Amino acid sequence: MAEIAAEKNNIIQIIKSYSQQLFGFIRSRVPTNEDAEDILQDVWYQLSNQPAADEIESMSGWLHRVARNKITDKYRRKKEQSLDDYAGMEEDEDALNIADILIAEDDDNADTKELQQLFWDALFNALDELPASQRDVFILNELEDKTLQQIADMQGEKLKTIISRKRYAVNHLRKRLEDLYNEFMNY
């Protein structure tokens with residue numbers, strides 16, 4: 001009994017010592033306080049289920065690693081849910097599935113081919129409007145399946161610079177292709 005009480009007391013001390021710092025770390029990486037609180041709660045839960053918490057060499061390192069993993073898990077789940085929601089919208093057999101149209105290869109349907117050509121023309125016209133550095137990052141990442149880290153290494157740039165270029169490119173393309181997207185959805 002004394003051992004269990006000592007372990008609980010140890011966990012309480014750890015929570016008191018690291019709560020504010022860990023919350024700040026998590027909050028800087030998630031959109032809302034509620035998300036940060038949920039993740040922090042998950043971290044404390046995992047700590048409380050750790051069989052030998054007092055044997056962790058670097059408590060701060062362990063807590064931050066668990067927090068990073070929980071943040072990653074949350075984004076992964078959110079992305080999967082978003083994809084599931086999108087897939088659920090396609091239950092109507094007559095509904096237009098843009099992705100299917102754009103990647104269809106052996107479709108003899110003239111309408112599909114016309115829509116594909118319209119999209120690709122609009123995309124490449126919008127890409128031509130971008131500075132070369134942004135355009136190159138977008139093409140390498142999205143069309144040639146290079147990771148942002150690979151692009152940074154290839155171009156001798158910092159990863160944050162590459163991420164920024166990609167973000168600018170995506171924002172520009174969203175604005176430029178919004179009307180076309182709306183046309184597809186109303187097709």
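Refer to the preceding data block for the structure.
Numbering of residues starts from 1 in each chain and follows the order in which that chain's sequence is written. Residues qualify for local features only when their pLDDT is at least 70, as the model is predicted, and side-chain atom pairs are given and counted only at 80 or more; totals for whole chains, interfaces and linings, by contrast, use all residues. Side-chain metrics in this entry use all non-hydrogen atoms of the structure; hydrogen atoms and water are not considered.

(A) Summary view of the overall build of the protein. Scanning the protein for helices and strands turns up eight helices and zero strands. Starting at the N terminus, the α and β elements of the protein follow one another as α-α-α-α-α-α-α-α. Relative accessibility decides the category of a residue: with a 1.4 Å probe and only protein chains considered, values under 20% of the type maximum give buried, values over 50% give exposed, and everything between is partly exposed. Taking all 187 residues of the protein together, the buried fraction comes to 28%. Here, two residues are considered to be in contact whenever any of their heavy atoms come within 4.5 Å of each other. Within the protein, contacts between residues separated by at least 24 positions form 52% of all contacts whose residues are at least 6 apart in sequence. Strands are runs of DSSP state E lasting at least two residues, helices are runs of H or I lasting at least four, and both sets are numbered from the N terminus onward.

(B) Representation of helix H6 (residues 132–143). Multiplying 1.5 Å by the helix residue count minus one yields the expected span of that helix. Spanning 12 residues, H6 covers 15 Å between terminal C-alpha atoms, matching the ideal 16 Å at 1.5 Å per step. All of the buried residues in H6 are Gln134, Arg135, Val137, Phe138, Leu140 and Asn141. Positioned one or two residues after H6, aspartate 145 has a phi angle of 55°, which is positive.

(C) Quick peek at the pattern of salt bridges. The rule for a salt bridge is simple: a side-chain nitrogen of Lys or Arg has to be within 4 Å of a carboxyl oxygen of Asp or Glu. If you walk through the whole model with that rule in mind, you get three salt bridges. Ionic pairing is found between lysine 166 and glutamate 142, a salt bridge with its closest N-O pair at 2.6 Å. Here lysine 166, found in helix H8 (residues 159–185), pairs with glutamate 142, found in helix H6; they are 24 residues apart in sequence, far enough to count as distant. Residue lysine 166 is classed as buried on the basis of its relative accessible area of 12%. Salt-bridge contacts for arginine 165 lead to glutamate 157; the nearest nitrogen and oxygen are separated by 3.4 Å. Note on glutamate 157: relative accessible area 32%, which makes it partly exposed.

(D) Region of interest: the side chain of arginine 165. Turning to its location among the elements, arginine 165 is positioned in helix H8. With a relative accessible area of 18%, arginine 165 lands in the buried category. Excluding residues within four positions of it along the chain, arginine 165 makes contact with Ser133, Gln134, Val137, Gln155 and Glu157.

(E) Up close: the packing of aromatic side chains. Here is the rule: rings of Phe, Tyr and Trp (six-membered ring for Trp) pair when centre to centre is within 6.5 Å. Planes less than 30 degrees apart are stacked, more than 60 are edge-to-face, and the remainder are tilted. Counting across every chain of the model gives zero aromatic pairs. Our definition puts a charge over a ring when NZ of Lys or CZ of Arg is within 6 Å of the ring centre and also within 35 degrees of the ring normal. It is arginine 167 that lies over the ring of tyrosine 168; its NZ or CZ is 4.8 Å from the centre.

(F) Fine view of helix H2 (residues 33–48). Helix length check: H2 (16 residues) gives 22 Å between terminal C-alpha atoms against 22 Å at 1.5 Å per residue, within 8%. Within the sequence span of H2, burial applies to Asp35, Ala36, Ile39, Leu40, Val43, Trp44 and Leu47.

(G) Focus on the nonpolar core. Buried Ala, Val, Leu, Ile, Met, Phe, Trp, Tyr and Cys residues form a nonpolar core when they are joined through side-chain atoms within 4.5 Å. Counting residues in each nonpolar core, the largest one holds 20 residues, and the members touching the most others are Leu22, Ile26, Trp44, Leu47 and Leu63. If sequence neighbours within four positions are ignored, leucine 63 has contacts with Ile14, Tyr18, Leu22, Val43, Trp44 and Leu47. If you look at the next biggest cluster of nonpolar residues, it comprises 10 residues, including Phe119, Ala126, Phe138 and Ala169.

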